[in-house]
Amino acid sequence: MSKLTTLQEAMGRVNDGDTVALGGNVLHRAPMAAAAELARQGRRGLHLVKTAGAMDVDLLCAAGAVASVTFGYIAYEPPYGLCQFFRRAVQEGRVEARENACYTVIMGLRAAVYGLPFLPVRGLDGSDLIAARGFKKVANPYGEGEFVAIPAIRPDVAILHVQEADELGNGRIGGPKYEDALMAKAARRVILTAERIVETARFEAEPDRTDIPGFLVEAVVHAPGGAAPGSCAGHYGIDDAQVRAFQAVTGPEELGRYLEQMAARTAHEGVSR
Amino acid sequence: MSKLTTLQEAMGRVNDGDTVALGGNVLHRAPMAAAAELARQGRRGLHLVKTAGAMDVDLLCAAGAVASVTFGYIAYEPPYGLCQFFRRAVQEGRVEARENACYTVIMGLRAAVYGLPFLPVRGLDGSDLIAARGFKKVANPYGEGEFVAIPAIRPDVAILHVQEADELGNGRIGGPKYEDALMAKAARRVILTAERIVETARFEAEPDRTDIPGFLVEAVVHAPGGAAPGSCAGHYGIDDAQVRAFQAVTGPEELGRYLEQMAARTAHEGVSR
Amino acid sequence: MQYTIADQMVVCLARELRDGDTAFHGVASPIPAAAILLAQKAHGRAVTYVNIAGGVNASPRLAPSTDGPNMLDGTASLFGLTDIFDLSMRGGLSVAFLSGVQIDRRGRINSSVIGEFDRPKVRLPGGAGSAVIAPTCGRVLVWRGKHNTKALVEEVDFVSATGNIDVVVTPLCVFRRVDGELQLESIHATSSLAEVQENTGFPIPTREYPVTPPPTAEEMAWLERIDPDRARDQEL
Amino acid sequence: MQYTIADQMVVCLARELRDGDTAFHGVASPIPAAAILLAQKAHGRAVTYVNIAGGVNASPRLAPSTDGPNMLDGTASLFGLTDIFDLSMRGGLSVAFLSGVQIDRRGRINSSVIGEFDRPKVRLPGGAGSAVIAPTCGRVLVWRGKHNTKALVEEVDFVSATGNIDVVVTPLCVFRRVDGELQLESIHATSSLAEVQENTGFPIPTREYPVTPPPTAEEMAWLERIDPDRARDQEL
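Let me sum up the structure you'll find in this document. If you're wondering where the values come from, they're calculated on a predicted model, not measured in any experiment.

Before going further, it helps to spend a moment on the overall build of chain A. Across its full length, chain A holds ten helices and twelve strands. For chain A, the spread of C-alpha atoms along the three principal axes comes to 60 × 50 × 30 Å. A total of 273 residues make up chain A; the buried ones form 63% of that total. Total accessible area on chain A stands at roughly 8,800 Å², and carbon and sulfur atoms take up 48% of it. For chain A, the distance from the average site of its 29 positive side-chain charges to the average site of its 33 negative ones is 2 Å.

Let's shift gears to the interface of chain D and chain A. Note: interface size is frequently given as the accessible area lost on complex formation between the parts. Taken together, the 39 residues of chain D in the interface contact 44 residues of chain A. Overall, the association of chain D and chain A removes approximately 3,300 Å² of surface from exposure, summing both partners, and the carbon and sulfur fraction of that is 63%. In terms of surface lost to chain A, no three residues of chain D exceed Phe117, Arg123 and Pro125 of chain D, which account for 18% of the buried area on that side. The interface formed by chain D and chain A includes two salt bridges. One salt bridge connects glutamate 99 of chain A with arginine 123 of chain D, and the closest N-O pair in it is separated by 2.3 Å. If you look at where chain D meets chain A, you find 23 residue pairs in polar contact (both at pLDDT 80 or more).

Residues and elements named next belong to chain B. Residues Phe118 and Pro120 line one face of strand β6 (residues 118–121) and the alternating positions Leu119 and Val121 line the opposite face, and both faces are buried. In this sheet, strand β8 (residues 146–151) lies alongside β6 in antiparallel orientation, the contact comprising four bridges. Bridging across to β8, leucine 119 finds its partner in isoleucine 150.

Residues and elements named next belong to chain D. Here we have three strands laid out as an open sheet, ordered β5-β4-β9, and mixed in their pairing. Here the strands that pair on one side only, and so sit at the sheet edges, are β5 (109–110) and β9 (152–153). Relative to β5, strand β4 (residues 102–104) runs antiparallel, the two sharing two bridges. The residue bridging isoleucine 103 from the neighbouring strand is isoleucine 109, located in β5.

With that settled, the discussion passes to the nonpolar core. One recurring pattern in soluble globular proteins: nonpolar side chains tend to sit buried together. Counting residues in hydrophobic clusters, the biggest one holds 288 residues, and the most contacted among them are Phe86 of chain A together with Phe86 of chain B. With residues near it in sequence (within four places) discarded, phenylalanine 86 of chain B still touches Val57, Asp58, Cys61, Val69, Phe71, Ile74 and Ala97 of chain B together with Arg123 of chain C.

Reading the values: rules and limits
Counting from 1, residues in each chain are numbered in the order their sequence is written. Here chains are named by letter from A upward and ligands by number from 1 upward, in the order in which they appear as written. A pLDDT threshold of at least 70 governs which residues receive local features in this predicted model, and a stricter bar of 80 or more applies before side-chain atom pairs are shown or counted, although totals over entire chains, interfaces and linings include all residues. The side-chain values count all of the structure's non-hydrogen atoms but skip hydrogen atoms and water molecules. The secondary structure listing takes helices from DSSP runs of H or I that are at least 4 residues long and strands from runs of E that are at least 2 residues long, numbered from the N terminus. Exposure categories follow from relative accessible area, calculated using a 1.4 Å probe and restricted to protein chains: below 20% of the type maximum is buried, above 50% is exposed, and the middle band is partly exposed. In short, Shrake-Rupley with a 1.4 Å probe defines the accessible areas, and a residue's cover is counted only from the protein chains shown. When charges are counted, neither His nor the chain ends are considered; positive counts come from Lys and Arg and negative counts from Asp and Glu. Taken as the charge location is NZ of Lys, CZ of Arg, CG of Asp or CD of Glu. By the convention used here, residues are in contact when the closest approach between their heavy atoms is within 4.5 Å. Summed over both partners, buried area is the accessible surface (1.4 Å probe) that two parts give up on being assembled. One side-chain nitrogen of Lys or Arg within 4 Å of one carboxyl oxygen of Asp or Glu is enough to make a salt bridge. Whenever two N or O atoms come within 3.5 Å, that pair is a polar contact, provided that in protein one can donate a hydrogen and the other can accept it, and provided that, for residues adjacent in sequence, both atoms are side-chain atoms. Two strands are said to pair when DSSP picks up at least two bridges between them. Each nonpolar core is a collection of buried residues, namely Ala, Val, Leu, Ile, Met, Phe, Trp, Tyr and Cys, held together in the definition by side-chain atoms within 4.5 Å.

Okay, here's the thing in structure tokens:
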């Protein structure tokens, strides 16, 4: 019954070429330990999906794991500047930048949740994104108006870091929720990493606070510090030194050492339940 | 700043001919006191919206307040049978039955939330509802498939009964949530009736449990017993005798007496905060 | 052993569930609710049970209403009607329990009107979610609390819903849809072929039919725990 | 009185807000966050403040990131990015704060690419929500932490977003869009017409322009409380 497993095993379930939605937003509650483990395992050709990504996307681009990114915004917030690995990979043609508005990522995920190949969307008027992305239009069959049709985005897997999970896969998010619950519903499979593994009774006591229903989840990893060096509400803030250390990485060997250090921190802290 | 007002004043804000979404489901957490007050005030020509309605819709039909009902299901659950006032009003041509699937009511409300005149929907294949309701279709611009387009349902007002509200309009629902939060976002205006009025600090302590954000709400009514004779989770169950007393009503005078009795119960219990 | 027709219907429906199923029921559905709980508890089926009120693998004490707060008892998350519809639309709902006022030979359901849609002779409750669930979920298990020629008809007055209807369970018998038509599969021990033929609006070939296996003692013991107030009898 | 350029920009933006506004900012927006809080607290404006993290009329202690948990401090409900977008789409968002790497004479924004979209010379962060917010919200208030001829251009390389852009506030001045074109409205006391002309990629007519009213003592006192760590300076 238990879906608890190791980070290594869980990330082994992600295949080369998969479409992977990453929870959290910029440097907050992103599944950093999971991203580092995917990089460490040498995953290739991933199609990442995120509204606003930062170090998670940048790290996977640095590791050469990424084929495309579907996104609204990929950059750090001040004072960390742009995601240089992502930027260079796009400029050199190694990664396809499937720019959306953040909302059209959301509408694409909603289309998948609703079992539809597309959803119409308001907005985008006058934006060159329509032509650049080849978005088509649909007419309102009841009256005036044409609307851009956003193709469904159905991730093969959503990887989400939450504050609390149980062994059945129920997940509770503290602080900002971002698009995690939507991703969990849109994706074919869901993997949770969690700061704490708690008893199911805790979810049963307040089921209205469960953000991710367990039956949608296939694997749960106890990963304290799993959003570091980004923040995790109620647990830790941004680790400035470690973000800067990553940004200063040059070359695969340095990246390898950085990833091993990240793995060691999670493994160490992750021993006890 | 306070949005607290009386039931009479709040229901006075609903106009003849308005499209009115009613929260709750069948005999659970429906805004019964509000519906009775609308009936008592002699409102006419209302266009009701609900996925699964029961005595709320039946009572407003009995009072002659209704022009149409957009719904998936209008009936009691066992042992109370059909909504006879609704049924007769439709059969006699006094009320238009805009039957949907419950899901197409939801998709119509979602279209309104997303600022769209329609949304495509999966399902409905082979159903005579498509022709009977005049639903049109849209083609998938990216490949195969045609989908029924559900026109937006934008209520003028959503009337929702909640367990707890504050004077700013924040609302918390206990037990099943049904479609209330969706209605609050789809409607132009929102009126809450609440079992208890609580301090805003209570919402600030657990903002993740607030179902209705206060800034969407224009009026809040302290209405303990406001879902009776239906149930309200954590407060009371179905009042069998009062449901049956309503079903036994014949003629406008009896209905008038029934409504006055409902009003008296709410007013009496509603004196203190 | 003593059992009611509702008990027989519950047991027939429960036996349809399989390991790995995700099963849904809506309002006014004590018989399906009891069936899902029976499959989980008595038959040990690994079924994910989602109900209209939002419960996920809840363990409610059943009541005639299957949409109230009790339907959340023991749930660890909320997954309400909107979520369940979405799940079906994206192919994630394997079993739905639906009913209808009329059910026809082809397994189509009418819960909308008798007569014209716009000015009906009888306005029925409406198909609730059936129009979108029937074509999108894996298998539809239909139950109907009455079996007469008005309920089981040659052709429905109005198609509220049609789609993946697999089984129809009534107080008299079990039909299974084969090649697009309902075929009599078994007759309850409490009924007879003559009674089924007389009360069905389409022809039932005269031949030998199996007797529906009645509830076992173990099933009845579980039903007593799942539904001690016998909400399931209220449907008939 | 001592104040920074960021203080001046905050104050300019705050003064644009009106009673009844519902105002939004996204990531990397300490200057807009400070402006909204200043309008509420110093100017007593009845503004509903929604932020990307989900806060409604929150009172955060500001940090360089405007998307973290602190943005929920004091909120009584969660109304996150998805809800805010929906709100704008249905006409319920009156003010949005947007930025861009390039802003052109017509008030169009580019945060996508320099060069070709598919193989850009410089890949920029992306327009985030601006492409859908700019055409649907009531008024867009644009701020930009740099004012040079690469930032304020005759024509953007790529139109990430265009729409209801009303005001552009830079470290040097304030533009307002009139008849579809940015017009210089006032020059900050710390700058000059010559500096604006030199650093702007489209012609600025030579004439008298008002001096932007600098921050008042009261505004500065409030800013000290709203943003004691001076997150707003990080943008410049």
